[in-house]
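# Remarks on the overall topology
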Amino acid sequence: MRRISDWGNYPVIEAETSGFDSVEQLRSRLAEPGELIAYGNGRSYGDASLQSRVVLTRRFDKLLAFDETTGELTCQAGVLLADLLDVFVPRGWFLPVTPGTKLITVGGAIAADVHGKNHHVDGSFGQHIRSMDVMRNDGSIITCSPARNAEFFNVTVGGMGLTGIILQATFRLRRIETAYIREETVRAANLGEVMDGFEAPGEWTYSVAWIDCLARGDALGRSILMRGEHATAGELVNPSHKHAPLKPGGGMKLDVPFMMPGFALSRLTVQAFNAAYYGKCRSGTQARIAGYNQFFYPLDSVGNWNRIYGRRGFTQYQFVIPKAAGREGMHRILERIAASGLGSFLAVLKLFGEQESFISFPMEGYTLALDFPISFKAMELFKELDAMVADYGGRLYLAKDSRMDAAMFARTYPNADEFRQAVAVLNEGGTRFASLLSRRIGVTG
Amino acid sequence: MKNVLILGATSDMAQAIARRFAAEGWGLVLAARSTGRLEPVASDLAIRSKVPVRALAFDAGCFDTHQAFYDAIDPKPDAVVCAFGYMGDPMAARTDFAEARLTIDVNYTGAVSILNIVAADFEARGQGDIVGISSVAGDRGRQSNYLYGSAKAGFTAYLSGLRNRLAEKGVHVMTVKPGFCRTKMTEQLDLPAALTAEPGQVADAVFRGLEARRNVVYTLWMWRWIMLVVRHIPECLFKRMGL
């Protein structure tokens, strides 16, 4: 038995863990009856990969095929996005979609159907999967794609690991000329300004805004809007970049070596950080060339940053509300969060493009993600926010969640009931795929 | 381009060693009992490193296949890493001779069988590196795993003799004794972090040792001293210790 948790260190449980590096080994693990769930790199925030018995997928991480002309890659699902970047960026290829951390597995990216700063242009990670193999609870392997075994494919993408263990996947990498991003940063004085920025014509491939959730009144929603494109070789100016355009420098690597005490994150420290961060960015528009790690993964350079929240852990509240409800809805929700004074360093706003998936999180609209240390007051606030999000027709991101109840899930995910039935059918006989998350939101019994 | 033959290539340690050689531009010939498990390993290394990778079936326990196995390799390797091993069930091996024999056959007899063939080729060519992954368990027999330990002790002595014989012929023989290493073989054990090497550290030690033509390599320096002490505990005390 080992103590395990996901990234938020809440909850922490005792679990029986075992890994595998061959299909036969995994099959023998599934032969033991009971409930289990796949555990990749533990970067979902709450309890999506927690269960009294978990199967560690990280060792199942081999690259199986790569086509140098099309960029089509087939790999085992335990490989980290970070490993793929290390191998393929120097050869001129990048991920089709990446979330704000590269320290997740390909299997996790599919199960949570993760999104990135290019969602409005390129959709979610799952929409790039051309084919995948999944081991069912009886040990059989099903190959599925949008065309083949499509129903199973659609329940598995975004299905939070409840349909089986994803073994391998095929998807295409995108061509890049350089490992750099041409980035433009715009300071927005309030929520209206940043939303104008998101909705302005002239499409950028990547866009996201950091938002100060403690600012109130006229400054409510003051933000820094960051947009980017993969830089072409001609756009590089620095001689060292030009010399090796596909090999960005290592950059600084920090680490939080131990759990910080609870007082490290008070309203005052967060307010000071946010004011400094906002102030650092001059008004108007700034342009620069940034390495891809700097642009996509600023937090990955701080190892174990989750420890700044201390032993009690933290959660990320990430919701989306439809674009039509966006301005009014986001304004009211932000007002409520600002009034609570519970906001955090990391609040991120983004406009999603259209997406109609069976059970995935994204939909066309505004998504906001904020970190909160676990506290009674925060839990009370979330209940209020849940009601507002649901009233606006929005929903919460399962990969970040650790506390929503079954009623909220049923109310906000239009296919919640069909999903529950599909998982029940797939789980018949033998081992059952179930997590603390699936039980909490009523998908498994 | 130089080529390395890695025997027992599906183990975590062997995979790390393969990655290290590939990173240095060596072509890889990988051999393991289960080709089903070896193929993903081989494709992974080929995609990551772009060096040529060949995957071959090899069973350390099937001695009579070894000559044909080695004859079929073309071009012949410049270095051979003998990385297969079998920990087995030490409790069962005390009473079950089949288990004891399997432990000896894989760790000792199988290694002798294939390395005799390799040594003859290298001696004739007057060049080559032979790397044997032995174990600190072979430095002194302990009740917890003395069958494995005795087979590794035999392997260590074999490598020592081989080194002695081939030293004048331009062939380098290196004995590697990893202490604790974090692999799937030790996944369930609670190992002391300071004494436990990652597979990548073993791979670094192997490659650097090869370049420096070292004789005996302990992958973490402490182990050389720990085992020096362990070897010198008087037997009258040692036999009463719960090791």
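Computed from a predicted model, the values in this text were never measured in an experiment. Sequence order as written defines the numbering, with residues in each chain counted from 1. Labels follow written order: the first chain is A, the first ligand is 1, and so on. Only residues with pLDDT of 70 or above have their local features reported here, since the model is predicted, and side-chain atom pairs are shown and tallied only from 80 upward, although totals for entire chains, interfaces and linings are computed over all residues. Side-chain measures here rest on the full set of heavy atoms in the structure, leaving out hydrogens and waters.

## With respect to the domain arrangement of chain A
Residue and element names in this part refer to chain A. Per the domain assignment, the segments of chain A are domain 1 (63-175) and domain 2 (180-402). Computed over C-alpha atoms, the centres of domain 1 and domain 2 are 24 Å apart. Throughout, a residue-residue contact means that at least one pair of heavy atoms, one from each residue, lies within 4.5 Å. Across the contact, 33 residues belong to domain 1 and 31 residues belong to domain 2. Buried area, as used here, totals the accessible surface that two parts lose on assembly, with accessibility defined by a 1.4 Å probe and the loss added over both. Where domain 1 abuts domain 2, roughly 2,600 Å² becomes buried across the two surfaces, and 60% of that area is made up of carbon and sulfur atoms. Each polar contact in these results corresponds to two N or O atoms within 3.5 Å; when the atoms are within protein, one needs to be able to donate a hydrogen and the other to accept it, and residues that are neighboring in sequence are counted only if both atoms are side-chain atoms. Where domain 1 packs against domain 2, one counts 14 residue pairs in polar contact (both at pLDDT 80 or more). Domain delimitation follows an automatic or database domain assignment.

## A few points about the packing of aromatic side chains
Pairing of aromatic side chains here covers Phe, Tyr and the six-membered ring of Trp, requires ring centres within 6.5 Å, and sorts the geometry by plane angle: under 30 degrees stacked, over 60 edge-to-face, intermediate tilted. Inspection of every chain in the model, using the stated rule, returns 28 aromatic pairs over all chains. Ring plane angle 85 degrees and centroid distance 6.4 Å describe the contact between Y292(A) and Y297(A), whose orientation is recorded as edge-to-face. In terms of burial, Y292(A) and Y297(A) fall into one category: buried. Taking 6.4 Å as the distance between ring centres and 85 degrees as the angle between the ring planes, the aromatic pair formed by W26(B) and F207(B) counts as edge-to-face. Remark: F207(B) occurs in helix α7 (residues 199-211) and W26(B) occurs in the loop between α1 (12-23) and β2 (27-32); sequence separation between them is 181 residues. Each member of the pair, W26(B) as well as F207(B), carries the same accessibility label: buried. Linked through ring pairs, F94(A), Y206(A), Y292(A), F295(A), F296(A) and Y297(A) together constitute an aromatic cluster. Two conditions define a charge sitting above a ring: the NZ of Lys or the CZ of Arg must be within 6 Å of the ring centre, and it must be within 35 degrees of the ring normal. The cationic tip of K117(A) hangs over the ring face of F295(A); the distance from NZ or CZ to the ring centre is 5.8 Å. It is R175(A) that lies over the ring of W93(A); its NZ or CZ is 4.1 Å from the centre. Classification of residues uses two cut-offs on accessible area relative to the type maximum, computed with a 1.4 Å probe and protein chains only: under 20% is buried, over 50% is exposed, and between them is partly exposed. We count a stretch as a helix when DSSP gives it H or I for four or more residues in a row; a strand needs E for two or more, and each element gets its number in order from the N terminus.

## Quick word on the pairing of strand β4 (residues 79-82) of chain B
All names here are of chain B. Side chains A79 and V81 of β4 all project onto a buried face; the interleaved residues V80 and C82 project onto the opposite face, where all are buried too. Here, a strand pair is defined by DSSP locating no fewer than two bridges between the strands. Sheet topology places strand β1 (residues 3-7) next to β4; four bridges connect them, and they run parallel. Among the inter-strand pairings, V4 is bridged to a residue of β4, identified as A79. As paired strands, β4 and strand β5 (residues 129-133) are joined by four bridges and run parallel to one another. Looking at the pairing, V81 lines up with V131 of β5.

## Re the sheet that holds strand β1 (residues 2-5) of chain A
By way of backbone hydrogen bonds, the strands of a sheet pair with one another, either parallel or antiparallel. All names here are of chain A. Across the sheet, five strands lie side by side as β1-β2-β4-β3-β22; this open sheet has mixed pairing. In this open sheet, the two strands that pair with only one neighbour each are β1 and β22 (432-433). Of the strands in this sheet, β2 (12-19), β3 (35-39), β4 (53-56) and β22 touch helix α1 (residues 23-30), which is tilted by about 135 degrees from β2. To obtain each axis, a line is fitted to C-alpha atoms, and for helices this fit is confined to the stretch in contact; angles are then taken between N-to-C directions over 0 to 180 degrees.

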